[in-house]
Structure formats: structure tokens, C-alpha cells
Amino acid sequence: MTFRWKPSVTVAAIIERDGRYLLVEEHTPEGLKLNNPAGHLDPGESPQQGVEREALEETARVFTPDRLVGVYLSRFQRPATGEDVTYVRFAFGGSVGEPDPARSLDDGIVRTLWMTLDEVRASRERHRSGLVLRCIEDHAAGVRLPLAAISTDPSVYAPEIKR
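Residues numbered from 1 in each chain as written. Predicted model: local features only at pLDDT ≥ 70, side-chain atom pairs only at ≥ 80, totals over all residues. Heavy atoms only, no water.

Q: What exactly am I supposed to notice about the layout of surface pockets here?
A: Empty space among the atoms becomes apparent when a probe as large as a water molecule is rolled across them. If you add up the space inside the largest pocket, you get close to 680 Å³. The set of elements that each furnish at least two residues to the lining of the largest pocket consists of β1 (8-17), β2 (20-28), β3 (31-35), β4 (38-40), α1 (47-59), β5 (63-78) and β6 (83-96). Split into classes, the residues belonging to the lining of the largest pocket amount to six nonpolar, twelve polar and twelve charged. (1 Å grid on protein atoms, 1.4 Å probe; cavity = no way out; pocket = protein on both sides within 12 Å on 5 of 7 lines; lining within 4 Å. Points joined across faces, edges and corners; volume = space filled by probe spheres on them. Helix = DSSP H or I, 4+ residues; strand = E, 2+ residues; numbered from the N terminus. Nonpolar A, V, L, I, M, F, W, Y, C, P; charged D, E, K, R; others polar.)

Q: Before we go on, may I ask you to explain α1 in this structure?
A: Structurally, the α-helix is built with 3.6 residues per turn, so residues lying three or four positions apart point the same way. Helix length check: α1 (13 residues) gives 18 Å between terminal C-alpha atoms against 18 Å at 1.5 Å per residue, within 8%. All of the buried residues in α1 are Pro47, Gln48, Gly50, Val51, Arg53, Glu54, Ala55, Glu58 and Thr59. Where α1 is buried, its residues contact β1, β2, β4, β5, β6 and β7 (109-116). Following α1 by one or two positions, Ala60 adopts a phi angle in the positive range, close to 65°. (Expected span 1.5 Å × (residues − 1). Buried < 20%, exposed > 50% of the residue type's maximum accessible area, 1.4 Å probe, protein only. Contact = heavy atoms within 4.5 Å.)

Q: How should I be thinking about unusual backbone geometry in this particular structure?
A: Non-glycine residue Asp18 carries a positive phi angle of around 55°. For Asp18, the position within the fold is in the loop between β1 and β2. If you check the backbone angles, Ala60 has positive phi at about 65° while not being a glycine. Within the secondary structure layout, Ala60 lies in the loop between α1 and β5. The exposure class assigned to Ala60 is buried, which follows from its relative accessible area of 5%.

Q: What is the right way to look at the environment of Glu25 in this model?
A: With respect to the helices and strands, the residue Glu25 is situated in strand β2. Measuring from C-alpha to C-alpha, the distance between Glu25 and Thr112 comes to 6.2 Å, with 87 residues separating the pair along the chain.

Q: Would you mind going over the side chain of Glu25 with me for this structure?
A: We classify Glu25 as buried; its relative accessible area is 6%. At 2.6 Å, the side chain of Glu25 and the side chain of Arg111 are in polar contact. A distance of 2.4 Å separates polar atoms of two side chains, one belonging to Glu25 and the other to Arg126. Setting aside its immediate chain neighbours within four residues, Glu25 contacts Leu32, Lys33, Leu34, Gly108, Ile109, Val110, Arg111, Leu113 and Arg126. (Polar contact = N/O pair within 3.5 Å; in protein donor to acceptor, adjacent residues only side chain to side chain.)

Q: What's the story with the nonpolar core in this structure? I'm lost.
A: Looking at soluble globular proteins, one finds that nonpolar side chains tend to be buried together. Formed by 16 residues in total, the largest nonpolar core has its most connected members in Ile14 and Ile136. Elements that contribute at least two residues to this core include exactly β2, β5, β7, α2 (117-122) and α3 (131-140). Among residues more than four places away in sequence, those in contact with Ile14 are Tyr21, Asn36, Val69, Ala91, Phe92, Gly93, Gly94, Cys135, Ile136 and His139. Judged by nonpolar contacts, the second largest core, of 13 residues, contains Val11, Ala13, Val51 and Val96. (Core = buried A, V, L, I, M, F, W, Y, C linked by side-chain atoms within 4.5 Å.)

Q: Looking at this structure, how should I read the pairing of β1?
A: For a regular strand, side-chain orientation follows a simple rule: the groups alternate between the two sheet faces. Pairing analysis gives eight bridges linking β1 to β6, with the strands arranged parallel. Pairing of Ile15 across the sheet is with Gly94, part of β6. As defined by bridge partners, β1 adjoins β4 across three bridges and the pair is classed as antiparallel. Across the sheet, residue Thr10 finds its bridge partner in β4, namely His40. Where β1 and β2 come together, two bridges link them in antiparallel fashion. Looking at β2, one finds that Arg17 is bridged to Arg20. (Pairing = 2+ DSSP bridges.)

Okay, here's the thing in C-alpha cells:
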């Protein structure tokens, strides 16, 4: 069988309120890092459903996406483990409610924090990837694409069976 390259699909919430962006501080193999609320798309969900779920898990806040900020392709290598991963990231803008005190943050998430754009720029060395700042910069520059730009076929929820 021929090798088929398969990038990992992730979703990220770019959340701004009163000039500050909501980030998470999380444990990674490289240490404690800053990230947008983000994670992997799960089977059987649309990108919009995935970003709502990930934001809730990582921030304990309900996130309502209302625009697409962008679709990003990135890659990283971890020579110590031989990992070489390419990501396709769907970044969404939207709004969040207040934290639900009954919810705990996802495993590995230490805390959430609100940072100004200048603070995010000044903390580059602590970012999980270059996409943390890139997505926020695009949001701050006014990049807004309609959610309708992403279409989820009904087969995602009820797979077509090929005979």
C-alpha cells in the first residue's frame, strides 16, 4: 500500500474582548506554553462544533463563533521523538460568556489569561506555535470571512457507505 500523507486538522478560537485576547497556558512536551484555545477536530463534528467544544473544554466558557479568521497550514518537527506533523488549522473569531465555575479546565491547561496584542507579541518565545500570534494578528488586522465559507457535508454525521 502506498503511503498517504494526512495532516492533522485543528480548530482555534480567537477571542478578543476590550482589546485583550483570551489565551490558555498549557503543559506541552516543550514545557509551559501559551496557545489560543485550540485542539484537534474530532470524528463526526464540523469545524464550528469542534471549536465550540475545544473552547469550552480549555476555558470553561461557551464560545460562539461568528466568523472565520483563516485557514492555516503549518508543520513542526520534534527530532527527539521523530515526530513530523503538519497541521491544517481553522481559526474562528467569536464571543465567549463568563466562565462556568462548575467546569474544570481540560487536562494540561493550567489557566486562562487575557493579554493585549502587545503582550502577546512580547511573549513569542512562550507560544506553542507561530500560529498563536499569526491568528491574533490577522484578527487584529480585521480579517473576517463568513462561516458559510466552510461546508460540512452530511456524510460527516452519517457516512456514505460504498459498496
